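Summary of the model geometry
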Amino acid sequence: MKITGLNLDIIWKDKPGNFQQIEKELQNQEADIFLLPEMFSTGFCMDASEIADRNQESLEFLKKMSAEKNAAFCGSAPVEEEGNFYNRMYFVQPDSQVDFYNKRHLFSFSGEDKVFSKGKERVIVKYKGFRFLLQVCYDLRFPVFARNNDDYDTVLYVANWPEKRVGAWEHLLKARAIENLSFVFGLNRIGTDGNKLFYQESSHCFFADGKEISEKAGNVITAELSMEELKDFRNHFQFLNDRDSFSIQL
């Protein structure tokens, strides 16, 4: 399983511009899954009534790219639905199957919780023999929500995580991999956003032992995931068997 993430310098509130640059950056890339950052079409912006998709613009773009590349595409976008706004992470497969996860943990420090509605479901997607847990940015700080109940193999985090706090981002990604005996692919944006926040290149993919397994070339980060290697590791280190039993109240 090859996953390719794009370290995108998101153009502020410019969907056509971002769609164009994504196509350009990925035109010569091949993968099983392409990963795009949080709010890849607009940047992490609280002007929801201005930027939110009302006609599924971002989703239609992902469907188009998925069909053209014969690969899954995953990323989040602001969406309006029945009068509510959501930070919605899509997972689009080449056959047009769409799964989505609405961000559960809204970033109150930026006022996201005052504008967007929180998700109510934990979402796991099956694709090409792997099980993927979908997570968005701030979710990373809440390990209980991402606890592996032996129901997934890989966590996909998409983010706009600024340079000021990038140390936490990188340490927590590795911790989620180790504690859950899983692959963790964390894709962050780069550049400077409309709020003058700077984002350094900080995307990573970790194996279940915390080892970095990704390679970077330009703005592209790739990782090869081996289910056989993961199964062997889990069979040898059966730490998940000793996990606590609990239920999450959503």
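The notes below deal with the structure included here. Quantities reported herein were computed from a predicted structural model and do not represent experimental measurements.

Together, Asp 209, Glu 228, Glu 229 and Asp 232 give the surface a local cluster of negative charge. Structurally, the position occupied by Asp 209 is in the loop between β12 (204-206) and β13 (214-217). Asp 209 sits in the partly exposed class, given a relative accessible area of 38%.

This brings us to helix α3 (residues 57-69). For an α-helix, 3.6 residues make a turn, and residues three or four places apart therefore share a direction. The end-to-end C-alpha distance of α3, which contains 13 residues, comes to 18 Å, matching closely the 18 Å that a straight helix rising 1.5 Å per residue would cover. Residues of α3 that are buried: Ser 58, Leu 59, Phe 61, Leu 62, Met 65 and Ser 66. For α3, the buried positions fall inside an angular range of 160° around the axis, keeping them on one side. Across α3 from its buried face, at more than 90 degrees, point the exposed residues Ala 67 and Glu 68. Where α3 is buried, its residues contact α1 (15-26), β3 (72-81), β4 (84-92) and β5 (98-102).

Here the focus is the nonpolar core. Generally speaking, a soluble globular protein has its nonpolar side chains buried in company with each other. Core analysis: the biggest nonpolar cluster contains 48 residues, and Phe 91, Phe 132, Leu 134, Leu 156 and Phe 185 have the highest contact counts within it. Not counting residues up to four positions away in its chain, the partners in contact with Phe 132 are Met 1, Ile 3, Ile 33, Phe 91, Val 123, Ile 124, Val 125, Tyr 127, Thr 154 and Leu 156.

The subject of this paragraph is helix α5 (residues 166-180). In this model α5 runs 21 Å from its N-terminal to its C-terminal C-alpha over 15 residues, within 8% of the 21 Å that 1.5 Å per residue would give. For α5, the full list of buried residues reads Val 166, Trp 169, Leu 173, Arg 176, Ala 177 and Asn 180. Down the axis of α5, the buried set is contained in an arc of 100°. They therefore lie on one face. Looking at the buried side of α5, the elements it contacts are β8 (154-159), β9 (183-188), β12 and α6 (227-236).

Parameters and conventions
Residues numbered from 1 in each chain as written. Predicted model: local features only at pLDDT ≥ 70, side-chain atom pairs only at ≥ 80, totals over all residues. Heavy atoms only, no water. Patch = residues over 30% accessible without salt bridge, like charges linked within 9 Å, V, L, I, M, F, W, Y side chains within 5 Å. Areas by Shrake-Rupley, 256 points an atom, 1.4 Å probe, with all protein chains shown as cover. Salt bridge = Lys/Arg side-chain N within 4 Å of Asp/Glu carboxyl O. Lys, Arg positive; Asp, Glu negative; His and termini not counted. Charge placed at Lys NZ, Arg CZ, Asp CG, Glu CD. Helix = DSSP H or I, 4+ residues; strand = E, 2+ residues; numbered from the N terminus. Buried < 20%, exposed > 50% of the residue type's maximum accessible area, 1.4 Å probe, protein only. Expected span 1.5 Å × (residues − 1). Arc of directions from axis to C-beta. Contact = heavy atoms within 4.5 Å. Core = buried A, V, L, I, M, F, W, Y, C linked by side-chain atoms within 4.5 Å.

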